[in-house]
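Below are the chains, spelled out letter by letter.
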Amino acid sequence: DAYNPVSSFVFAYQGQSIFLEIMAEMKEPGKWPQSVYLSHTIMGTSYAITALVGYYFKGSDVPAFLPDGIENGPGKIVVNLLVAYHVLVAYIINNVTLCDMLKRRYFT
């Protein structure tokens, strides 16, 4: 089934949907290409390291969602809290336009 790997890849890089919003907020929009290259290098490296570590410890039994492969205990609790934090921050960043509108309407 090719849907799962493709959807995972799209989900991992879905942050590109806010590129124009971020560029509009930059003090120096001309530095946009540098920031994209740097961020994609960091993201790609992070994903590659995570995949390699998961594969090293679990081999071909590594689950699609890596936290599912962690044994119950304090480590899994920390990882799940970090995933929840990541989702919350991503939600906030992706809704920056809505937040700006609410701020202008109700707080200025």
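Preceding this section is the structure that the text describes.
Residues numbered from 1 in each chain as written. Predicted model: local features only at pLDDT ≥ 70, side-chain atom pairs only at ≥ 80, totals over all residues. Heavy atoms only, no water.

*Asks:* Which residues make up the overall build of the protein chain, and what values do they have?
*Replies:* Secondary structure summary: the protein chain contains 5 helices and 0 strands in total. Ordered by position from the N terminus, the helices and strands of the protein chain form the series α-α-α-α-α. Compactness check: the protein chain gives a C-alpha radius of gyration of 18 Å against a globular reference of 13 Å for 108 residues, more than 25% above the reference. Expressed along its principal axes, the backbone C-alpha trace of the protein chain runs to roughly 50 × 30 × 30 Å. Out of the 108 residues in the protein chain, the part that is buried amounts to 7%. A sequence separation of at least 24 residues applies to 40% of the contacts in the protein chain between residues at least 6 apart. Accessible surface, the protein chain as shown: approximately 9,100 Å² in total, 68% of it carbon and sulfur. (Helix = DSSP H or I, 4+ residues; strand = E, 2+ residues; numbered from the N terminus. Rg over C-alpha atoms; globule rule 2.2 N^0.38 Å. Buried < 20%, exposed > 50% of the residue type's maximum accessible area, 1.4 Å probe, protein only. Contact = heavy atoms within 4.5 Å. Areas by Shrake-Rupley, 256 points an atom, 1.4 Å probe, with all protein chains shown as cover.)

*Asks:* Could you give me a rundown of the packing of aromatic side chains, with the residues and numbers involved?
*Replies:* Counted according to the given criterion, the structure contains 1 aromatic pair. Centroid distance tyrosine 56 to phenylalanine 57: 5.1 Å. Interplanar angle 85°. Geometry classified as edge-to-face. On the accessibility criterion, tyrosine 56 (69% relative accessible area) is exposed. (Phe/Tyr/Trp six-rings, centres within 6.5 Å; stacked < 30°, edge-to-face > 60°.)

*Asks:* If you had to explain the pattern of salt bridges to someone new, which residues and values would you point to?
*Replies:* Counted by the stated rule, this structure contains 1 salt bridge. The salt bridge partner of lysine 31 is glutamate 28, with a shortest N-O separation of 3.5 Å. (Salt bridge = Lys/Arg side-chain N within 4 Å of Asp/Glu carboxyl O.)

*Asks:* Describe the layout of surface pockets, naming the residues involved and giving the relevant values.
*Replies:* Reported here for the largest pocket is a volume of approximately 1,600 Å³. Lining of the largest pocket is provided by 40 residues; of these, Phe11, Ala12, Met43, Tyr47 and His86 occupy positions nearest its centre. Among the elements of the structure, helix H1 (3-12), helix H2 (19-25), helix H3 (32-58) and helix H4 (74-94) are those that each provide at least two residues to the lining of the largest pocket. When residues in the lining of the largest pocket are grouped by element, the largest group, 12 residues, is from H3. Among the residues making up the lining of the largest pocket, the classes are represented as 27 nonpolar, 13 polar and no charged. (1 Å grid on protein atoms, 1.4 Å probe; cavity = no way out; pocket = protein on both sides within 12 Å on 5 of 7 lines; lining within 4 Å. Points joined across faces, edges and corners; volume = space filled by probe spheres on them. Nonpolar A, V, L, I, M, F, W, Y, C, P; charged D, E, K, R; others polar.)

*Asks:* Go over the side chain of lysine 76, please, and point to the residues and values.
*Replies:* Relative to the helices and strands, lysine 76 is located in helix H4. Put simply, lysine 76 is tucked away with no salt bridge, and the nearest opposite charge, on aspartate 68, sits 4.8 Å away. For lysine 76, the residues in contact, after removing those within four places along its chain, are Pro67, Asp68, Ile70 and Glu71. (Lys, Arg positive; Asp, Glu negative; His and termini not counted.)

*Asks:* How would you sum up the environment of valine 96? Please name residues and give values.
*Replies:* In this fold, valine 96 is placed in helix H5 (residues 96-106). Classification of valine 96 by relative accessible area gives partly exposed; the value is 30%. Put simply, valine 96 and glutamine 34 are 62 residues apart on the chain and 22 Å apart in space, counted from C-alpha to C-alpha.

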